[in-house]
Amino acid sequence: MYLVVNLIGIFVFVAIGVLLSKKRKSIQWRCVGALLALNVFLAWFLTSFSIGREIIIAAAAGFNWLVSVAYEGIAFAFPDWVHVPQMNFFTSALLPILLVVPMFDILTYIGILPWVIKWVGKVLAFLTRAPKFESFFAIEMMFLGNTEALAVSSLQLKRMKADRCLTLAMMSMSCITAAMVGIYIKMMPGEFILTAIPLNVINALIVTNILHPVKIKESEDTVATVGEGSEEKEPFFSFLGNSILNAGRLVLIICANVIAFVALAKLIDMLLVLIHPAITLENILGCIMFPFAWLMGLESGEAFQLAQYMGTKLVTNEFVVMLSVQDTLATFSRHMQGVLTVFVTSFANFATLGMIIGCFKSMVDDDKNELISRNVAYMLLSGILVSLLSAGIAGLFIW
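Predicted model, so just to flag it, every value in this text is computed and none were measured.

Rules of the game
Residues numbered from 1 in each chain as written. Predicted model: local features only at pLDDT ≥ 70, side-chain atom pairs only at ≥ 80, totals over all residues. Heavy atoms only, no water. Helix = DSSP H or I, 4+ residues; strand = E, 2+ residues; numbered from the N terminus. Buried < 20%, exposed > 50% of the residue type's maximum accessible area, 1.4 Å probe, protein only. Contact = heavy atoms within 4.5 Å. Areas by Shrake-Rupley, 256 points an atom, 1.4 Å probe, with all protein chains shown as cover. Salt bridge = Lys/Arg side-chain N within 4 Å of Asp/Glu carboxyl O. Arc of directions from axis to C-beta. Polar contact = N/O pair within 3.5 Å; in protein donor to acceptor, adjacent residues only side chain to side chain. Phe/Tyr/Trp six-rings, centres within 6.5 Å; stacked < 30°, edge-to-face > 60°. Lys NZ or Arg CZ within 6 Å of the ring centre and 35° of its normal.

Chemist: Mind showing me how you'd approach the overall build of the protein chain here?
Modeler: Counting secondary structure elements, the protein chain contains 20 helices and zero strands. Residue burial in the protein chain is summarised as follows: out of 399 residues, 55% are buried. Of all intrachain contacts in the protein chain linking residues separated by at least 6 positions in sequence, the fraction that spans at least 24 positions is 78%. Element-wise, carbon and sulfur atoms account for 68% of the exposed surface of the protein chain, whose accessible area totals about 17,500 Å².

Chemist: Is there a simple way to think about the pattern of salt bridges in this case?
Modeler: Two side chains carrying opposite charge are able to pair once their charged atoms lie near each other. Following the criterion strictly, the structure yields four salt bridges and no others. Salt-bridge contacts for Lys-23 lead to Asp-163; the nearest nitrogen and oxygen are separated by 3.6 Å. A residue pair is termed long-range when its members are at least 10 positions apart, and Lys-23 in the loop between helix 1 (2-19) and helix 2 (29-48) and Asp-163 in helix 10 (residues 162-171) qualify at 140 residues. For Asp-163, a relative accessible area of 28% corresponds to the partly exposed category. Two residues, Glu-134 and Arg-164, come together in a salt bridge whose shortest N-O distance is 2.8 Å.

Chemist: Just to check I follow, could you spell out helix 19 (residues 366-374) for this structure?
Modeler: Residue pairs spaced three or four apart in an α-helix point in one direction, given the helix's 3.6 residues per turn. Turning to helix 19, its buried residues number three or more, namely Lys-368, Asn-369, Leu-371 and Ile-372. The buried residues of helix 19 occupy an angular sector of 160° when projected down its axis, which confines them to one face. With respect to the buried face of helix 19, the exposed residues turned more than 90 degrees away are Asp-366, Asp-367 and Arg-374. At its buried positions, helix 19 is contacted by helix 9 (154-159), helix 10, helix 18 (350-361) and helix 20 (376-395). Where helix 19 starts, the residue carrying a side-chain oxygen 3.2 Å from the main-chain nitrogen of Asp-367 turns out to be Asp-365.

Chemist: Where do I start with the side chain of Asn-146 in this structure?
Modeler: Positionally, Asn-146 belongs in helix 8 (residues 146-151). With relative accessibility at 1%, the residue Asn-146 sits in the buried group. A distance of 3.2 Å separates a polar atom in the side chain of Asn-146 from the backbone oxygen of Ser-172. Setting aside chain neighbours within four positions, we find Asn-146 in contact with Ser-172, Cys-175, Phe-347, Thr-352 and Met-355.

Chemist: Please explain the packing of aromatic side chains as it appears in this structure.
Modeler: In this description, a pair of aromatic rings is defined by centroid distance and the angle of the planes. Tallied over the entire structure, the rule returns twelve aromatic pairs. When the ring of Tyr-309 is compared with that of Phe-332, the centres are 6.4 Å apart and the planes differ by 45°; the resulting orientation is tilted. Separated by 23 residues along the polypeptide, Tyr-309 in helix 15 (residues 300-315) and Phe-332 in the loop between helix 16 (318-325) and helix 17 (334-344) bring together distant segments of the chain. Each member of the aromatic cluster is reached from another via a ring pair, and the members are Phe-41, Trp-44, Phe-45 and Phe-49. Against the face of Tyr-378 rests Lys-22, its NZ or CZ located 4.4 Å from the ring centre. Geometry around Phe-343 places Lys-313 over its ring, the cationic atom sitting 5.8 Å from the centre.

Following this line, the structure appears as structure tokens:
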């Protein structure tokens, strides 16, 4: 019975996306169906065979190495901030941008990254029916992280239409950073963490195709290159200097937005508590999320627990949930362990909204920023639906 409820839940999550879609008539159902089938296969493969998880581990290790190189630069300037038992958010998540962005900008300048995007995007676009760049971006953000993936795509974002920028903003709610994989695995079952990563990527494409389908002409499905449309490129060291300065500006803008969003959420919590101590954002969201938790194929008691963890994760972050359950996780059923772990393995929360909005504010014009700011609710909805779909699909094979 619970398996049937779990299966029904997946269709309900898709139906919610269709109901709230901006352009229902433009949804490409062949694409959505193909991606759902691909994700079901991935969930089966990753939960049943170790080789799939080993591939993900190898890819994550490569990006982890890149972040570790960034830490060496940070350690030179701030030796007390790195290689400590628990690095703060600013050091672990934001300062690596100062290496990642210039490095990818250099690859763009010499033409390597546009070539990779073009050909990898073609293969993925054939499978997903999505534009080349959006297809590549989905893979890029799987390990690089949302702000880093957006930052290294600044040239493309500036030349894209506002609708496509909104698509990328919605997709950016559903990723993690490779540097976090090792930390996550220490707190939650590694097999489920590694299963969640590719499922989130495919589901981000599915959800944006449903909530915000965008059709583009073949002439618009291009990859931006440095110097395009001008007679000559900017001198390399001038280009590199601007890239580093833009990366620094980006770090400060993201940090400011995260502080503001988290503080505002806390302020709302404190005002709600004045009405009644039990009324908090986490509890309100927990009550709202209960039906969706039950549709994961759980009995009512565990579904209520899962709903509370879902609410906590959305208001705070995945670390708060992981730390609170790591000592009691073994007492949960295997199915509960699986769906909970997959659900929390993403950056979908209120603070991430601030990060993404801050990232776009530093890179694109006012019209694009205005469209993204008007659709904050859709960005959060996108992140929630992706997490629900990933947990539901993985849950089919975890009992």
